[in-house]
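Single-letter residue listing:
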Amino acid sequence: MADRAAEIAANLAAVNARISAACAAVGRDAAEVTLVAVTKFHPASDVLHLLRLGHRVFGENRDQEASAKAAEVAAKLADTASDPAPEWHFIGQLQTNKVKSVVSYADVVESVDRLALVTALDRAAVRAERKLRAFVQVNLDPDAERDGSGRGGAHPDEVLEIAAAVAGSDALSLGGLMAVAPLGVPPEPAFARLATLAAQLRGIHADAVSLSAGMSGDLEAAIAAGATHVRIGTALLGGRPPLR
Ligand SMILES: *Cc1c(COP(=O)(O)O)cnc(C)c1O
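Keep in mind the model is a prediction, meaning the values are calculated, not measured.

A.B. asks: Break down the site of the ligand for me, with residues and values.
C.D. replies: Near the ligand, the surroundings consist of Val38, Lys40, Asn61, Ile91, Val180, Met215, Ser216, Arg231, Ile232, Gly233, Thr234 and Arg240. When grouped by side-chain class, the residues that make up the shell around the ligand number 5 nonpolar, 4 polar and 3 charged.

A.B. asks: How would you summarise the nonpolar core if you had to cite specific residues and measurements?
C.D. replies: In this structure, Ile19, Val109, Leu121, Leu177, Leu194 and Val230 are the most contacted members of the largest nonpolar core, which totals 69 residues. Look past the residues within four positions of Leu177 in its chain and what remains in contact with it is Phe135, Val136, Val138, Val159, Leu194, Leu197, Ala198, Leu201, Ser210, Leu211 and Ser212. Val38, Ile91, Phe135 and Met178 belong to the second-largest nonpolar core, a separate cluster that totals 6 residues.

A.B. asks: I'd like a rundown of the pairing of strand β1 (residues 34-38), residues and numbers included.
C.D. replies: Most of β1 sits out of view: 4 of its 5 residues are buried. In the sheet, β1 pairs with strand β8 (residues 229-232) via 4 bridges, with the strands oriented parallel. Residue pairing in the sheet places Thr34 in a bridge with His229 of β8. As defined by bridge partners, β1 adjoins strand β2 (residues 57-60) across 2 bridges and the pair is classed as parallel. If you follow Ala37 over to β2, its bridge partner there is Phe58. Since β1 and β2 lie parallel, the crossover through helix α2 (residues 44-52) that links them has a hand, and here it is right-handed.

A.B. asks: I'd like a description of the side chain of Asn139, backed by residues and values.
C.D. replies: By the element assignment, Asn139 lies in the loop between β5 (132-138) and α6 (159-167). A distance of 2.9 Å separates the side chain of Asn139 from the backbone nitrogen of Asp141, its partner in a polar contact.

A.B. asks: Requested: an account of the environment of Ala24, with residues and values cited.
C.D. replies: Topologically, Ala24 is positioned in helix α1 (residues 2-25). A relative accessible area of 58% means that Ala24 is categorised as exposed. On a C-alpha basis, the gap between Ala24 and Ala224 in space is 9.8 Å, while along the polypeptide they are 200 residues apart.

A.B. asks: Pulling in residues and values, what's your account of the environment of Ile232?
C.D. replies: Relative to the helices and strands, Ile232 resides in strand β8. Taking relative accessible area as the criterion, Ile232 reaches 0% and is therefore assigned buried. Among all residues touching Ile232, those that are not within four sequence positions of it are Val15, Leu35, Val36, Ala37, Val38, Gly214, Met215, Ser216 and Leu219.

Parameters and conventions
Residues numbered from 1 in each chain as written. Predicted model: local features only at pLDDT ≥ 70, side-chain atom pairs only at ≥ 80, totals over all residues. Heavy atoms only, no water. Near = heavy atom within 4 Å. Nonpolar A, V, L, I, M, F, W, Y, C, P; charged D, E, K, R; others polar. Core = buried A, V, L, I, M, F, W, Y, C linked by side-chain atoms within 4.5 Å. Buried < 20%, exposed > 50% of the residue type's maximum accessible area, 1.4 Å probe, protein only. Contact = heavy atoms within 4.5 Å. Helix = DSSP H or I, 4+ residues; strand = E, 2+ residues; numbered from the N terminus. Pairing = 2+ DSSP bridges. Right-handed = clockwise from strand over helix to strand, strands pointing away. Polar contact = N/O pair within 3.5 Å; in protein donor to acceptor, adjacent residues only side chain to side chain.

If you want it as structure tokens, here you go:
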């Protein structure tokens, strides 16, 4: 337990150093970049370690795992009453039959990729009397064969329509865009296309300034392209089984 805490502390420091260096390299302020600690496959105890280190923002990609973990963390926090509350970001493909559960713990849904999901999330959030921030997930490789890797996202041509639906909803606010770089190719061209789309979005929705891009392997390229959120799992918490 103490070893795990020390390991996570060292990893967190290293990731924060990478973020600072990446910002410095392109003249950005590191305070503009939020680290989303992706805790999928890792236990609630890791979330608690990160909370004790002062980290607050977490990402999960599957409702079943996320809801159980969020509940476990909340119960532990209620016992100790010392740690700050976490902010949960849902970052995975989301079926409409899961939205009721997701809105019960998520503060941000980064993976909004279709109009039907906007409608379902809004309805569930209104019912639960919750406000949610939503990012529209963009598919940066829309012509690629779907390979089941779950990268997902809306076709770039559909993004503005989905964003307008979020902005016009009752309980969702439009945060910005999210994307995962295509596998097996350098991320820079895809992140450049994402940055162009993000600028277009801000031209219409001035408050939609968030851009979630970058993972353990490509956070520097994402920050160079303007990312405001980087979603980091492996570099913080170590490996996971390859197929999730
Ligand atoms: C798992 C996951 C991440 C984190 O990836 P790492 O390479 O482990 O940092 C980021 N974004 C999404 C959408 C994920 O599913």
